[in-house]
Amino acid sequence: MLFSRFPRVQLATLPTPLQHLPRYGALANHPEVYIKRDDFMALGMGGNKLRHLEFWLGAALQQGADVIIACGRPESNQCRLTAAAAAKLGLKCILLHNTEKADFLQGNILLSYLMGAQSMYLGEIDEDTRQEQALALMEKLKSAGHNPYLIGSDVPLGCLGYVNAALELHQQALAQNIDLRHVVIVGAMGGTAAGFLYGTALLGHPFHVHVISVEYPKEKIWSILERNFNNISSLLELTPNAKLAEVATVHAEYLGPGYAQPTPEAIQTVRDLAQTEGILLENVYTSKTVWGMRDLVARGIISPQEATCVIHTGGGPALFAQAELYQPR
Ligand SMILES: Cc1ncc(COP(=O)(O)O)c(C=O)c1O
């Protein structure tokens, strides 16, 4: 009902599983730790961006698009999942990378290539210049008679995928008799967390959401979340039942030296979750998030008496490009 005005393509495998983590919970001194497996989807090895892509590609198909363009570094999960979705829908996919071409493809870029995407390497340029080049490519394709769609050009529309994820998790927790009180979710560019926060606010704040920043300092991620939250509200033409500041706390203390730069605790968390639960994380998004959850318990910010769920947003293929961190000594 909430989303019926928005065209949507089915790409994600929903609902994603909600699983108890008894052995990792024992390490974290919390008996009721859960994980929501957004990494566990059938298409293109899954991950958070499939929820966004359901709405973006719904709009693209409605507009009659024949070429899908996505931008990112070769490690980008968003590029990989755009390639997967385009392959499934029979659309041409062009990826613009702000880096030089590597001699050897591995991780996400290898998978994007296998799924038929065409990669263009723009050299080491910043994201604004990359965006200009993407817009220039759009114009060129239009003059050649194509109808291109640029992934990510409508941020709030993609966020609807995670508005839905909050509603989905709430229903699952009720069905499994879990009195869920805390959710821990990653925040990089903030679309995923903002959607989830908006969904939580629509529900009237049944659980508190801790956003673990893996890209920006606290003030910056907060202002991104605020902007997205308000834009989702305008898009849905709804006033939520709680304010952003009531629903969310942002933690930037797990960022370490910066985006995609692992901390010792995050590296250890990849091993810990793998060896206690057989679940794989990676070192850009999910290891800092799971470590953040554990440390929030240790600091008394999350009580071990209150059921807590961490969202696994995927990104597993990136682990193969981070292999040097895990070689046996
Ligand atoms: C696996 C994974 N997790 C989390 C994120 C963060 O999502 P957002 O940029 O919406 O904060 C990304 C972003 O690309 C991702 O690929």
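Rules of the game
Within each chain, residue numbers correspond to sequence positions counted from 1 in written order. The model is predicted, so local features are restricted to residues of pLDDT at least 70 and side-chain atom pairs to those at 80 or more, both for listing and for counting; the totals for chains, interfaces and linings are taken over all residues. Hydrogens and waters are ignored; side-chain quantities use all the structure's heavy atoms. In plain words, nonpolar cores are sets of buried Ala, Val, Leu, Ile, Met, Phe, Trp, Tyr and Cys residues tied together by side-chain atoms within 4.5 Å. In this scheme, a residue with accessible area under 20% of its type's maximum is buried, one over 50% is exposed, and one in between is partly exposed, where area comes from a 1.4 Å probe on protein chains only. Segments assigned H or I by DSSP are reported as helices when at least four residues long, segments assigned E as strands when at least two residues long, and all are numbered from the N terminus. The split of the chain into domains comes from an automatic or database domain assignment. Contact definition: two residues touch when any of their heavy atoms are within 4.5 Å. Put plainly, a pocket is an open set of points on a 1 Å grid over the protein atoms alone with protein on both sides within 12 Å along at least five of seven lines, a cavity is a set where a 1.4 Å probe fits but cannot get out, and a lining residue has an atom within 4 Å of a point. Grid points are joined across faces, edges and corners, and a volume is the space filled by probe spheres set on the points. Note on residue categories: nonpolar means Ala, Val, Leu, Ile, Met, Phe, Trp, Tyr, Cys or Pro, charged means Asp, Glu, Lys or Arg, and polar means any other residue, Gly included. To obtain each axis, a line is fitted to C-alpha atoms, and for helices this fit is confined to the stretch in contact; angles are then taken between N-to-C directions over 0 to 180 degrees. Should an angle fall under 35 degrees it is called roughly parallel, over 145 degrees roughly antiparallel, and 65 to 115 degrees roughly perpendicular, with every other angle called oblique. By convention, the crossing between two helices is left-handed when the near helix turns anticlockwise from the far helix through less than a right angle, and right-handed when the turn is clockwise. Patches were defined on residues exceeding 30% relative accessible area and lacking a salt bridge, with like-charge contacts within 9 Å and nonpolar side-chain contacts (Val, Leu, Ile, Met, Phe, Trp, Tyr) within 5 Å. We get accessible surface area from the Shrake-Rupley algorithm with a probe of 1.4 Å; when it comes to residues, only the shown protein chains can shield them. Here, a salt bridge means any side-chain nitrogen of Lys or Arg that lies within 4 Å of a carboxyl oxygen of Asp or Glu. Here the positive residues are Lys and Arg and the negative ones are Asp and Glu; neither His nor the chain ends is included. Every charge is mapped to an atom, namely NZ of Lys, CZ of Arg, CG of Asp or CD of Glu. Residues are classed as near a molecule or strand on a simple rule: at least one heavy atom within 4 Å of it. Pairing of N or O atoms within 3.5 Å defines a polar contact, subject to two protein rules: one partner must be a possible hydrogen donor and the other a possible acceptor, and residues neighboring in sequence count only if both atoms are side-chain atoms. A pair of Phe, Tyr and Trp rings is counted when the ring centres sit within 6.5 Å of each other, with Trp represented by its six-membered ring. The angle between the planes then sorts it: under 30 degrees is stacked, over 60 is edge-to-face, the rest tilted. Criterion for a charge above a ring: Lys NZ or Arg CZ within 6 Å of the ring centre, and within 35 degrees of the ring normal. At least two bridges found by DSSP between two strands are what make those strands a pair.

## Structural notes on the nonpolar core
Consideration 1: Counting residues in hydrophobic clusters, the biggest one holds 69 residues, and the most contacted among them are L57, Y149, L160, L180, F196, L197 and L225.
Consideration 2: Considering each element in turn, this core owes the most residues, nine residues, to helix α6 (residues 155-175).
Consideration 3: Inspection of this core shows a minimum of three residues originating in each of domain 1 (18-47 + 155-326) and domain 2 (66-146).
Consideration 4: Those residues in contact with Y149 that lie beyond four places of it in its chain are W56, A59, A60, Q63, A65, V67, I68, I69, M138 and L157.

## Things to note about the layout of surface pockets
Consideration 1: In this structure, the second largest pocket occupies an estimated 230 Å³ of space.
Consideration 2: Forming the boundary of the second largest pocket are 13 residues, of which D39, M45, L280, G316 and P317 lie nearest the centre.
Consideration 3: Residue composition of the lining of the second largest pocket, by class: six nonpolar, five polar and two charged.

## Notes on the packing of helix α2 (residues 49-62) against helix α3 (residues 77-89)
Consideration 1: With their axes 10 Å apart at the nearest point, α2 and α3 run at an angle of 50° to one another. It follows from the interaxial angle that α2 and α3 lie oblique. With respect to the hand of their crossing, α2 and α3 are arranged in right-handed fashion. Residues K49, L50, L53, W56, L57 and L61 of α2 form the contact with α3, whose own contacting residues are Q78, L81, T82, A85 and L89.
Consideration 2: Taken together, the residues of the contact of α2 with α3 sort by class into eight nonpolar, two polar and one charged.

## Details of a negative patch on the surface
Consideration 1: Where like charges cluster on the molecular surface, the negative patch consists of D126, E127, D128 and E132.
Consideration 2: What makes D128 exposed here is its relative accessible area of 59%.

## Quick notes on the site of the ligand
Consideration 1: Taken together, the neighbourhood of the ligand is formed by 14 residues, with N77, A188, G190, T192 and T313 sitting nearest.
Consideration 2: Taking N48, its side chain carries an N or O atom lying 3.4 Å from an oxygen atom of the ligand.
Consideration 3: Within the backbone of A188, a nitrogen or oxygen atom sits 2.8 Å from an oxygen atom of the ligand.
Consideration 4: Out of a free accessible area of 390 Å², the ligand has 95% covered by protein chains.

## Here's the deal with the packing of aromatic side chains
Consideration 1: Here the structure, examined in full by the defined rule, presents four aromatic pairs.
Consideration 2: The lysine or arginine in question, R51, covers the ring of Y162, its NZ or CZ lying 5.4 Å from the ring centre.
Consideration 3: One cation-aromatic arrangement involves K220 over Y216; the distance from NZ or CZ to the ring centre is 4.2 Å.

## Quick word on the pairing of strand β5 (residues 118-121)
Consideration 1: Strand direction decides the pairing type here: strand β4 (residues 92-97) and β5, joined by four bridges, are parallel. Pairing of H97 across the sheet is with Y121, part of β5.

## Section: the packing of helix α7 (residues 191-202) against helix α8 (residues 218-236)
Consideration 1: Where α7 contacts α8, the two axes come as close as 9 Å, and the packing angle between them is 55°. Here α7 is positioned oblique relative to α8, judged by the angle of their axes. When the axes of α7 and α8 are compared, the crossing they make is right-handed. Listed contacts from α8 to G191, A193, A194, G195, L197, Y198 and A201 of α7 are L225, N228, F229, I232, S233 and L236.

## Topic: the sheet that holds strand β2 (residues 33-37)
Consideration 1: Read from one edge to the other, the open sheet built from six strands follows the order β1-β2-β10-β7-β8-β9, with strand pairing classed as mixed. The open sheet is flanked by β1 (18-20) and β9 (248-251), the only strands paired with a single partner. Taking each pair of neighbouring strands and ignoring which way they run, the sheet shows an average axis angle of 25°.
Consideration 2: As judged from the five bridges shared by β2 and strand β10 (residues 307-312), these two strands associate in the parallel manner.

## Observations concerning a nonpolar patch on the surface
Consideration 1: A contiguous nonpolar patch, built from L110, Y113 and L114 and spanning about 330 Å² of accessible area, is present on the exposed surface.
Consideration 2: On the secondary structure map, L110 appears in helix α4 (residues 107-114).

## Some points on the sheet that holds strand β6 (residues 148-150)
What links the strands of a sheet is backbone hydrogen bonding, and the strands pair in either a parallel or an antiparallel sense.
Consideration 1: With parallel pairing, the four strands of this open sheet are ordered in space as β5-β4-β3-β6. If you trace the sheet from one side to the other, it starts and ends with β5 and β6, each paired once. Between one strand and the next, the sheet's axes are offset by a mean angle of 25°, whatever the strand orientation.

## Let's talk about the environment of L244
Consideration 1: Along the chain, L244 falls in helix α9 (residues 244-247).
Consideration 2: Residues L244 and M41 lie 203 residues apart in sequence; the distance between their C-alpha atoms is 29 Å.
Consideration 3: Not counting chain neighbours up to four residues away, the residues in contact with L244 comprise L197, W222, L225, E226 and F229.

## As for the pattern of salt bridges
Consideration 1: According to the stated counting rule, one finds 12 salt bridges in the structure shown.
Consideration 2: Between D38 and R51 there is a salt bridge, and its shortest N-O distance comes to 2.8 Å. With D38 in the loop between β2 and α2 and R51 in helix α2, this pair connects stretches of sequence that are 13 residues apart. The burial state of D38 is the same as that of R51; both residues are buried.
Consideration 3: As a salt-bridge pair, R73 and E124 come within 3.5 Å of each other at their nearest N and O atoms. A residue pair is termed long-range when its members are at least 10 positions apart, and R73 in the loop between β3 (67-71) and α3 and E124 in the loop between β5 and α5 (127-143) qualify at 51 residues.
Consideration 4: Through salt bridges with shared partners, a single ionic network connects K36, D38, R51 and E168.

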